[in-house]
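Breakdown of the fold
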Amino acid sequence: MQTPYSAFLPTDSTLQTSIKTIGICRFSYAGMGGFQVEHPDLPAREAFLYDPVRMEERFRLFEAITLPSVAGQTDPDFTFLIVTGDSLPDAYMTRLRALTERIPQTMIRSYPPLPHRKVMKRAINEARGDADTPCLQFRLDDDDAMAVTFVARLKQTALDLRSLWDRHPAIAIDFNKGYVFTAGPEGISVWAYKYQYSAIALGMLVQPGHTDTIMNHGHQNLWKTMPTVTFTDEDMMMRGHNDFNDSRQKARRNVFDYQPLDSGQAAYFKKTFNIDNAVVRRIFSVG
């Protein structure tokens, strides 16, 4: 008889610090697939990804928006896996390492140009190691942010769902409330936003013995393959809308009524996402 998954689940008092938790971030990975906009061949994709104007925007967003939300997590016990291509120019790799060296949760891994989802699955499972224990996984793009309570809430929700563990190899956990934003020399401008199964603030609980990952699935389709639970009670995500968003390279674009932050909102974003609007202005004003 198969051992129930719950037998591998730590006790309530130890779950928060013992469950393996991995976040994955694709940073200009040059592979096959993974983008809404296609390119005719690998050199064309690399030329697009590594264009200096595009890379400058990505690095500024990564430094000002994404990494502060990672560094500020109230539960620091997780791995933030940054996946890039082995063709990433040396100057960009040096810059990437410099930005992340003081954030102990970060782990940079480079892979050759292979099918996108295959590489992301491999990266997560290599970081996971032992598949005989449960694993929490989440994804975050390099221009987005999660609330500083995200990892803690993800773990708490896994505990709350323990009665479902024995019946399902994977369960998706969705936090659907937050903001769409733009960033520049003037700072952040935002629009309040609710969106189900966004790639941000979306996690997945994978049971022992299973090597499925959050990157095996299109984020908007997780509900088709596993049970899901959605929380809409607090702001948990910031979704970037910028010049080089993959979703904005097509003719049809979403348009939002962005509003700049006042001083009270700036304090709220610092507390909720660990994003300092003054730092955002400084980073985007350089050069």
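Before reading on, note that the structure itself is shown above.
Cut-offs used in this document
Residues numbered from 1 in each chain as written. Predicted model: local features only at pLDDT ≥ 70, side-chain atom pairs only at ≥ 80, totals over all residues. Heavy atoms only, no water. Buried < 20%, exposed > 50% of the residue type's maximum accessible area, 1.4 Å probe, protein only. Helix = DSSP H or I, 4+ residues; strand = E, 2+ residues; numbered from the N terminus. Arc of directions from axis to C-beta. Pairing = 2+ DSSP bridges. Axes fitted to C-alpha atoms, helices over the stretch in contact; angles between N-to-C directions. Salt bridge = Lys/Arg side-chain N within 4 Å of Asp/Glu carboxyl O.

1. Here we look at helix α4 (residues 90-100)
- Residues of α4 that are buried: Y92, M93, L96 and T100. Around the axis of α4, the buried residues are gathered within 100° of arc, so they sit on the same side. More than 90 degrees from the buried face of α4, the exposed residues found are D90, A91 and T94.

2. Side note on the sheet that holds strand β3 (residues 106-111)
- One open sheet accounts for seven strands, arranged β3-β2-β1-β4-β9-β6-β10; its pairing is mixed. Every interior strand has two partners, whereas the edge strands, β3 and β10 (228-231), have only one. Direction aside, neighbouring strands of the sheet carry axes that sit 25° apart on average.
- Where strand β1 (residues 20-26) meets strand β4 (residues 135-139), five bridges bridge the pair, whose relative direction is parallel.

3. Concerning the environment of A123
- Among the secondary structure elements, A123 is positioned in helix α5 (residues 116-128).
- Residue classification places A123 among the buried residues on the basis of a relative accessible area of 1%.
- Along the primary structure A123 and I82 are separated by 41 residues, whereas in three dimensions their C-alpha atoms are 9.2 Å apart.

4. Some words on the pattern of salt bridges
- Summed over all chains, the structure comprises eleven salt bridges.
- The residue E56 makes a salt bridge to R60 at a minimum N-O spacing of 2.7 Å. Here R60 and E56 lie together in helix α3 (residues 52-71), a separation of four residues that amounts to about one turn.
- Taking relative accessible area as the criterion, E56 reaches 28% and is therefore assigned partly exposed.
- E234 is the partner of R153 in a salt bridge, and the nearest nitrogen-oxygen pair spans 2.6 Å. With R153 in helix α6 (residues 150-160) and E234 in the loop between β10 and β11 (237-240), this pair connects stretches of sequence that are 81 residues apart.
- Looking at E234, the relative accessible area reads 30%, which means it is partly exposed.
- A single salt-bridge network, built from bridges that share partners, covers E57, R58, D142 and D143.

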